[in-house]
Amino acid sequence: MKKNRLNKLITNTCSKKWLTSPCFIILLFALVVIGFPNPVAAQMQVQRPPEKTRMLFLLDASGSMFAEWGNSLRMDVAKNMLIDLVDSLRVDNKLELALRVYGHQFHRRYQNCEDTKLEIGFAQGNHNRIIGKLRQIQPAGVTPIAYSLEQAARDFPMDPDYRNVVIILTDGIESCGGDPCAVSLALQERQIFLKPFVIGLGIKENFEKEFACVGQYFDAKNQQEFRQVLNKILKQSLETTTVSVELLDQDKRPTETNVNVTFINNFTKAALYDFVHFRDPRGRPDSVIVDAVLSYDVVVNTIPPVARRNVTFEGGQHNVVSIQAPQGTLTLKQPGHSEYAQGVNVLVRKAGSPAIINVQPFSQTEKYLVGKYDLEVLTLPKTYFRNVSIAQSETTELSLPGPGLLNVNFVKQGIGSLYQLNKQGQQRWIMDFDNNQTRITTAIQPGKYKLVFRAKDAFGSKYTEAKDFSIKTGSTANIKFF
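This is a predicted model, so every value here is computed, not measured.

A. Main features of the layout of surface pockets. In this structure, the largest pocket occupies an estimated 710 Å³ of space. What lines the largest pocket is a set of 28 residues, among which Pro50, Tyr162, Arg163, Gln191 and Leu194 lie closest to the centre. Of all the secondary structure elements, the ones that give two or more residues to the lining of the largest pocket are strand E6 (162-170), helix H7 (180-189) and strand E11 (271-276). Of the residues forming the lining of the largest pocket, the biggest block, three residues, is contributed by E6. Split by residue class, the lining of the largest pocket holds 16 nonpolar, six polar and six charged.

Below is the structure:
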């Protein structure tokens, strides 16, 4: 369409001599305004859930649904509630519904553990068909929840513009030896559907542990609670949910910002959203839209990271997550550090821990959580700093003396090692030299050292040579072995 507008503009405005006319300017303007989209706008993608939803009702029609629930049968209550719900959702043109039922085609005496059927598939305006089918269903058989979930994977058309929601309504646990938890996890990891909702209908036993690994479980003890649960699920599934993350400093004031915050699916552990934290000029964090169907691990990617685990959000409203992540800054300075051919990195560990949490380039300033750290600076030899304190909103600056330069010439190839000497004359091994080289040049920290060398073709240990030398900042030591 833009191309047609551009052609029309050129045709109606320009003559054959347009290159020498004002038409050339018009063409350039047209290309900028019409022909080329704004590169920033073209690449900008706002992270948020898809606006359209497919919702599958997975209804238990096993024989136990004949049981009484208040003044009615469980099945009658479930059907009537679903009928009212489906009828109320006609006005939502961004929602498609489907109905799968299990345990309704074979009597329980047959123990048919494949008794499940997609009765009404997804489509726009299929509300009357679903309502009509619900009125026909009668309880009969067993409870193949795992198998039904597995088959439900085929019910959802592949479409990235839709989010897929499953609502399981049941009055009992799996009765066919399947593993609903494993099936649910596998299908969520494949992104077939989001974390299912599971509604227990008048169940006397506490089955929360059995269903918690399947999805979010609601125990509806009576018909009033059942209606409340359905309303809550609709809010979580269909209404816009926003979240603000408050990053707190050491005094629990909301002052931290400019750090990436990741929302991780607590069930599948997949990273879903990444937001670089922002505060407006008045210090207020902005809001982001997330999917309230899921539970999250909210990870603040400081060094080291901090997290709130298994966070759930109230659907259809604004939520606030507060996480304490106080930070300070670490910088290291050394004159002449560029003399090191490969540069100088710093291995950072939490004090007393062997695990490396960051590799910081020497010339780079980095933020860390408030606390104590052990630093291993990869100079030659290595330099260590223990229990370095990082304080709130302060910069900790560490300085090292600048290196000198060591030149070693070997007349022949051989075996050589470098040792550091302390004031008492005790030595510590630093490195072995490449025995295929006859010349070594390297930056090295100030101090006293010893070189030990034997030529490859020397006949005996007695031909080993040892030389002591000193290095000062900015100086060069030239060592020769004959």
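B. Representation of the confidence of the model for the chain in the model. Of all residues in the chain, 91% have pLDDT values of 70 or greater, and the mean over the chain is 89. Confidence over residues 1-43 falls short of pLDDT 50; this stretch has 17 contacts with residues more than four positions distant or in other chains.

C. Region of the structure containing the sheet that holds strand E12 (residues 288-290). The three strands lie next to each other as E12-E9-E15, forming an open sheet whose pairing is mixed. Each edge of the sheet is formed by a strand with only one pairing partner; in this case those strands are E12 and strand E15 (318-324). Across the sheet, the axes of successive neighbouring strands diverge by a mean angle of 40°, strand direction being ignored. For strand E9 (residues 241-248) and E15, the ladder comprises seven bridges, and the chain directions are parallel. Pairing of Leu248 across the sheet is with Gln324, part of E15.

D. Quick look at the state of the cysteines. For the structure on display, the rule yields two disulfides. The disulfide bridge from Cys113 ends at Cys176, spanning 2.2 Å between sulfur atoms. Between Cys113 and Cys176, the disulfide has an S-S torsion of -85° and is therefore left-handed. Here Cys113, found in the loop between strand E4 (95-102) and strand E5 (116-123), pairs with Cys176, found in the loop between E6 and H7; they are 63 residues apart in sequence, far enough to count as distant. Residue class for Cys113 comes out partly exposed when judged on its relative accessible area of 27%.

E. Representation of the sheet that holds strand E19 (residues 366-369) in the model. On the basis of which strands lie adjacent, the open sheet formed by three strands has the order E19-E16-E22 and mixed pairing. Here the strands that pair on one side only, and so sit at the sheet edges, are E19 and strand E22 (395-399). On average, each strand axis in the sheet is inclined to that of its neighbour by 30°, with strand direction left out of account.

F. Layout of the packing of helix H6 (residues 145-152) against H7. At a closest axis distance of 8 Å, the pairing of H6 and H7 adopts a crossing angle of 15°. By the angle between their directions, the pair H6 and H7 is classed as roughly parallel. Taken as a pair, H6 and H7 cross one another with a handedness that is left-handed. Contact residues: Ile145, Ala146, Leu149 and Glu150 in H6; Pro180, Val183, Ser184 and Leu187 in H7. Residues belonging to the contact of H6 with H7 are distributed by class as follows: six nonpolar, one polar and one charged.

G. Representation of helix H9 (residues 223-238) in the model. Here H9 spans 22 Å end to end across 16 residues, near enough to the 22 Å set by a 1.5 Å rise per residue. Looking at H9, one finds that the buried residues are Phe226, Val229, Leu230, Ile233, Leu234, Gln236 and Ser237. One side of H9 carries all its buried residues, which in axial view fall inside an arc of 165°. Buried residues belonging to H9 abut strand E1 (52-60), strand E2 (68-69), helix H4 (74-88), E6, strand E7 (197-201) and strand E8 (216-220).

Cut-offs and rules
Residues numbered from 1 in each chain as written. Predicted model: local features only at pLDDT ≥ 70, side-chain atom pairs only at ≥ 80, totals over all residues. Heavy atoms only, no water. 1 Å grid on protein atoms, 1.4 Å probe; cavity = no way out; pocket = protein on both sides within 12 Å on 5 of 7 lines; lining within 4 Å. Points joined across faces, edges and corners; volume = space filled by probe spheres on them. Helix = DSSP H or I, 4+ residues; strand = E, 2+ residues; numbered from the N terminus. Nonpolar A, V, L, I, M, F, W, Y, C, P; charged D, E, K, R; others polar. pLDDT = per-residue confidence, 0-100. Contact = heavy atoms within 4.5 Å. Pairing = 2+ DSSP bridges. Axes fitted to C-alpha atoms, helices over the stretch in contact; angles between N-to-C directions. Disulfide = S-S within 2.5 Å. Buried < 20%, exposed > 50% of the residue type's maximum accessible area, 1.4 Å probe, protein only. Parallel < 35°, antiparallel > 145°, perpendicular 65-115°, else oblique. Left-handed = near helix turned anticlockwise from the far one by under 90°. Expected span 1.5 Å × (residues − 1). Arc of directions from axis to C-beta.

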